[in-house]
Amino acid sequence: MRVFVDTNIIMDFITFRSPFGRNAKIIFELGKENKFEILAADLSFFNSAFSLKKYDFSKEDILDCLTALLPLVTIVPVGESVVTRSLAKRGKDFEDDAQYFSAVDAGADYIITRNKKDFPQEDFILEPKEFFDLMNIEL
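First, a word on scope: everything that follows refers to the structure included in this document. Since this is a predicted model, take the numbers as computed values, not measurements. By convention here, each chain's residues receive numbers from 1 onward along its written sequence. It should be noted that, the model being predicted, local features are given only for residues of pLDDT at least 70 and side-chain atom pairs only at 80 or more, the latter also being counted only at that level, while totals for whole chains, interfaces and linings use all residues. Neither water nor hydrogens contribute to the side-chain values; these are computed over all heavy atoms in the structure.

Things to note about the side chain of S86
Piece 1. Going along the chain from the N terminus, every DSSP run of H or I of four or more residues is numbered as a helix, and every run of E of two or more is numbered as a strand. Residue placement: S86 occurs in helix 5 (residues 79–89).
Piece 2. With a relative accessible area of 1%, S86 lands in the buried category.
Piece 3. Any pair of nitrogen or oxygen atoms within 3.5 Å is treated as a polar contact; in protein, a donor-acceptor pairing is required on top of that, and neighbouring residues in sequence qualify only through side-chain atoms on both sides. For S86, the side chain forms a polar contact with the main-chain nitrogen of A98, separated by 3.2 Å.
Piece 4. Those residues within four positions of S86 in sequence are excluded, and the remaining contacts are F94, D97, A98 and F101. Buried means the residue's accessible area, taken with a 1.4 Å probe over protein chains only, is under 20% of the maximum for its type, while exposed means over 50%, and partly exposed covers the values in between. Note on contacts: a residue pair is in contact if any heavy atoms of the two residues lie within 4.5 Å.

Right under this line is the structure:
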């Protein structure tokens, strides 16, 4: 199974921001245990680096966190096709459209996000708790 994580899940994992960090940690632990493959857009690394500055992470800490994330995910390229479709969609959130099309192109079975409202209303787009319920994962 291939599970695509949105940037907010990555940020929750790195910062362990309350109350979302625990769920993000569980997702990444399950991926590390090979319960499923975790996909992330290359764009998420850049967005996370930018956002981590707001959390007062040093440049070295940001680079260390993102380096530690590398073995946990398969990086999915955004690319011209995703950018073109995201621009044409004219959706609520250009970045979330790019995440969506990247996940679809990568053959993700699920997209996990805390921001479902800016994604198309599709059954495979889940919040962490919905994903855990679907997978019968006890918290």
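Past the structure itself, the notes keep going.
With respect to the packing of aromatic side chains
Piece 1. Each pair of aromatic rings taken from Phe, Tyr and Trp, with Trp reduced to its six-membered ring, is defined by centres within 6.5 Å and is described as stacked if the planes are under 30 degrees apart, edge-to-face if over 60, and tilted in the remaining cases. Here the structure, examined in full by the defined rule, presents six aromatic pairs.
Piece 2. Summarising the aromatic geometry, the rings of F131 and F132 are spaced 6.3 Å apart at their centres and angled 55 degrees between planes, so their arrangement reads as tilted.
Piece 3. Looking at F131, the relative accessible area reads 0%, which means it is buried.
Piece 4. According to the relative accessible area criterion, F132 is buried, its value standing at 1%.
Piece 5. Grouping aromatic residues by their ring pairs yields a cluster made of F36, Y110, F131 and F132.

Keep in mind these values describe shape, not function.
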